Amino acid sequence: MGHKIRKAVFPVAGLGTRFLPATKAMPKEMLTVVDKPVIQYALEEARDAGIEEFIFVTGRNKTALEDHFDYSYELQRTLEERGKTEALEAIKRWLPKPGQVASVRQQLPMGLGHAVLCAKTLIGDEPFAVILPDDLVLSQTPCMKQLVDVHEETGGNVVAVVDVPREHTKKYGILDVSSDDGRLASVRGLVEKPDPSVAPSTLSIIGRYILTPSIFRHLETTGRGAGGEIQLTDAMVKLLGTEPFHGLRFEGARYDCGDKVGFLEANIAFGLSRPDVASDLRRIIAALV
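Quick look at the structure, then. Remember, it's a predicted structure, so these values are computed and weren't measured experimentally.

Before going further, it helps to spend a moment on the side chain of lysine 62. With respect to the helices and strands, the residue lysine 62 is situated in the loop between β4 (53–58) and α2 (63–68). Looking at lysine 62, its side chain comes within polar contact range of the main-chain oxygen of glycine 14, at 2.7 Å. There is a polar contact of 2.8 Å between the side chain of lysine 62 and the side chain of glutamate 29. Other than its neighbours up to four places away in sequence, lysine 62 contacts Val12, Ala13, Gly14, Pro27, Lys28 and Glu29.

Structure, rendered in structure tokens:
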């Protein structure tokens, strides 16, 4: 039922104030989990879901993001001359092909909805993915691939969701569902940060979306919402009842790399999943504890 998802939008214009001073001169998306920046995990997840075009919505002082996915002649030539084939392959195997990466500037900090709207011209009239690099997912099947598979079955809009403790619903956007089989929920409403006593469910959206191009029409007319920003949630609400809309409980563990403790947790979890460092990391953790 769904169209092929060829393009992904990465909103990466944020200032990363929660990680100052580390992010004073470096984009927060370049902070590393083990040995890869979080933006690389996000792009690789999109690529492994069959996505072919990667669109960065950037801000000032974000050129390091674009440089990271560019050909580094001096470095690669030096590695070749020194016979460091393993290190060279570690760079080359994930580089996108020429023309696969594009960027557009979000000139003012006007919210996630505005960031997605900035990519309208590059998306055109087709469904697309949105990936927030702050949300890192460790899973057997890439989280976005799981969403793409659902979209192929249902069409319309699909968001990744997790169950949160009811007392925490006031921190998140929460789904109101008409049906729920334990994996896939049919969405009839979205409530932003409801009080636990009135929250319609405990299903919270995380930073993985598949949206139809209809979202742009609503983003253009929604106006500013909470915090004086154009909210993606406000525009998504207007899609309900007009197009299929589902929330997927994905397989895997989500880590909030926009939070210091979540970032440290992600480093530990991803380190323990890596055969090259897991045993040493377990020994270090045991010694520290």
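What sets the pattern is the α-helix's 3.6 residues per turn: residues three or four places apart point alike. Between its terminal C-alpha atoms helix α7 (residues 143–154) stretches 17 Å, which fits the 16 Å expected from 12 residues at 1.5 Å a residue. For α7, the complete set of buried residues consists of Cys143, Met144, Gln146, Leu147, Val148, Val150, His151 and Thr154. A positive phi of about 70 degrees marks glycine 155, the residue just after α7.

Before going further, it helps to examine the packing of helix α3 (residues 73–81) against helix α4 (residues 85–92). Interaxial distance between α3 and α4 falls to 8 Å at its minimum, and their mutual angle equals 150 degrees. One element, α3, and the other, α4, form an angle in the roughly antiparallel class. In the packing of α3 onto α4, the handedness of the crossing is left-handed. Here α3 contributes Leu75, Gln76, Leu79 and Glu80 to the contact with α4, which in turn contributes Ala87, Leu88, Ile91 and Lys92. Of the residues assigned to the contact of α3 with α4, the class counts are five nonpolar, one polar and two charged.

A few words now on the nonpolar core. The biggest cluster of nonpolar side chains holds 35 residues, and the ones touching the most others in it are Phe10, Ile39, Ile51, Met144 and Leu147. Those elements that place two or more of their residues in this core are β1 (7–11), α1 (38–48), β4, α4, β6 (128–131), α7, β8 (157–163) and β11 (203–211). Of all the elements, α7 adds the most residues to this core, at five residues. If sequence neighbours within four positions are ignored, isoleucine 51 has contacts with Ile5, Arg6, Lys7, Ala8, Ala46, Ala129 and Met144. Counting 33 residues, the second-largest nonpolar core is a separate cluster that includes Leu175, Leu203, Ile230 and Phe245.

Let us now look at the layout of surface pockets. Gaps left between atoms are located by rolling a probe of water-molecule size over the structure's atoms. Considering only enclosed or pocket space, the second largest pocket measures out at about 360 Å³ in volume. Lining the second largest pocket are 18 residues, with Tyr41, Val137, Leu138, Ser139 and Phe270 positioned closest to its centre. Counting only elements with at least two residues in the lining of the second largest pocket, the list comes to α1 and β7 (135–138). For the lining of the second largest pocket, the element with the most residues is α1, which contributes six residues.

Locating threonine 169 in the fold gives a position in the loop between β8 and β9 (173–180). Polar contacts involving the side chain of threonine 169 include one to the main-chain carbonyl oxygen of proline 194, which spans 3.1 Å.

When you line up the elements, arginine 208 lands in strand β11. Distance in space between the C-alpha atoms of arginine 208 and leucine 147 is 8.2 Å, their sequence separation being 61 residues.

This part covers the pattern of salt bridges. Enumeration according to the criterion identifies 19 salt bridges in this entry. Among the salt bridges present, the one from lysine 62 reaches glutamate 29, with a minimum N-O distance of 2.8 Å. Here glutamate 29 lies in the loop between β1 and β2 (32–33) and lysine 62 lies in the loop between β4 and α2, a separation of 33 residues in the sequence. Overall, the relative accessible area of 4% leaves lysine 62 in the buried class. According to the relative accessible area criterion, glutamate 29 is buried, its value standing at 3%. A salt bridge links aspartate 280 to arginine 283; the nearest nitrogen and oxygen atoms lie 3.7 Å apart. In this pair, aspartate 280 and arginine 283 are both assigned in helix α11 (residues 278–288), three residues apart and thus about one turn of the helix distant. Since its relative accessible area comes to 41%, aspartate 280 is described here as partly exposed. Residue class for arginine 283 comes out exposed when judged on its relative accessible area of 52%. Residues joined in a network through salt bridges with shared partners are Arg6, Lys7, Glu53 and Glu126.

Across the nine residues of β11, nine count as buried, placing the element largely inside the fold. With four bridges joining them, β6 and β11 adopt antiparallel strand pairing. What sits directly across from phenylalanine 128, in β11, is leucine 211. Here five bridges tie β8 to β11, and the two strands are oriented antiparallel to one another. Within β11, the residue paired with valine 158 across the bridge is isoleucine 210.

The rules behind the values
- Residues numbered from 1 in each chain as written.
- Predicted model: local features only at pLDDT ≥ 70, side-chain atom pairs only at ≥ 80, totals over all residues.
- Heavy atoms only, no water.
- Helix = DSSP H or I, 4+ residues; strand = E, 2+ residues; numbered from the N terminus.
- Polar contact = N/O pair within 3.5 Å; in protein donor to acceptor, adjacent residues only side chain to side chain.
- Contact = heavy atoms within 4.5 Å.
- Expected span 1.5 Å × (residues − 1).
- Buried < 20%, exposed > 50% of the residue type's maximum accessible area, 1.4 Å probe, protein only.
- Axes fitted to C-alpha atoms, helices over the stretch in contact; angles between N-to-C directions.
- Parallel < 35°, antiparallel > 145°, perpendicular 65-115°, else oblique.
- Left-handed = near helix turned anticlockwise from the far one by under 90°.
- Nonpolar A, V, L, I, M, F, W, Y, C, P; charged D, E, K, R; others polar.
- Core = buried A, V, L, I, M, F, W, Y, C linked by side-chain atoms within 4.5 Å.
- 1 Å grid on protein atoms, 1.4 Å probe; cavity = no way out; pocket = protein on both sides within 12 Å on 5 of 7 lines; lining within 4 Å.
- Points joined across faces, edges and corners; volume = space filled by probe spheres on them.
- Salt bridge = Lys/Arg side-chain N within 4 Å of Asp/Glu carboxyl O.
- Pairing = 2+ DSSP bridges.

Distances and angles like these do not, on their own, reveal function.
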